[in-house]
Amino acid sequence: MPRIALVTLAVCVLAVAAAVVSFVQGSWLGIIWVLLAGLTSNMTFFYVKRGRARSGTGAGSVTG
């Protein structure tokens, strides 16, 4: 897994935790954290997929 994918995964997990804490405290600021978690999860998926395509492994690689 590429290093940038691990970083975005860590940011995603931290954003989810921040969203939970915000909603438990009654703050609507948690919506921003949810949006950030969605963005970073998409970035993680993209970088993992791109890393697999570059290395030639995985079901998503196409040769020919």
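Just so it is clear, the model here is predicted, and its values are computed rather than measured. One numbering rule holds for all chains: residues counted from 1, following each sequence as written. In keeping with the model being predicted, local features are shown solely for residues with a pLDDT of at least 70 and side-chain atom pairs are shown and tallied solely at 80 or more, while totals for entire chains, interfaces and linings include all residues. As a rule here, side-chain values cover all heavy atoms of the structure and leave hydrogens and water aside.

Caption draft 1: The arrangement of the side chain of Thr-44 in detail. Note on placement: Thr-44 falls in helix H2 (residues 30-55). Here the side chain of Thr-44 touches Leu-9 through a polar contact of 3.2 Å, landing on its backbone nitrogen. Side-chain polar atoms of Thr-44 contact the backbone oxygen of Thr-40, separated by 2.8 Å. Contacts were defined at the residue level, with two residues in contact if any of their heavy atoms lie within 4.5 Å. Ignoring sequence-local partners within four residues, the contact set of Thr-44 consists of Ala-5, Thr-8 and Leu-9. Where helices and strands are cited, they refer to DSSP runs of H or I of at least four residues and of E of at least two residues respectively, numbered from the N terminus. Nitrogen and oxygen atoms within 3.5 Å of one another constitute a polar contact, given that in protein one can donate a hydrogen and the other can accept it, and given that sequence-neighbouring residues count only through two side-chain atoms.

Caption draft 2: Representation of helix H1 (residues 3-24) in the model. Look at H1: 32 Å from first C-alpha to last across 22 residues, which is about the 32 Å you get at 1.5 Å a residue. Relative accessibility decides the category of a residue: with a 1.4 Å probe and only protein chains considered, values under 20% of the type maximum give buried, values over 50% give exposed, and everything between is partly exposed. Those residues of H1 that fall on the buried side of the exposure criterion are Ala-5, Thr-8, Cys-12, Ala-15, Ala-19 and Ser-22. The buried residues of H1 occupy an angular sector of 105 degrees when the element is viewed end-on, so they sit on one face. Projecting away from the buried face of H1 at angles above 90 degrees are the exposed residues Arg-3, Val-13, Leu-14 and Val-24. Buried residues in H1 make contact with H2. At the C-terminal side of H1, Gly-26 shows a positive phi close to 85 degrees. A helix is expected to reach a length of 1.5 Å times the quantity of its residues less one. Think of the arc as the fan of directions from the helix axis to the C-beta atoms.

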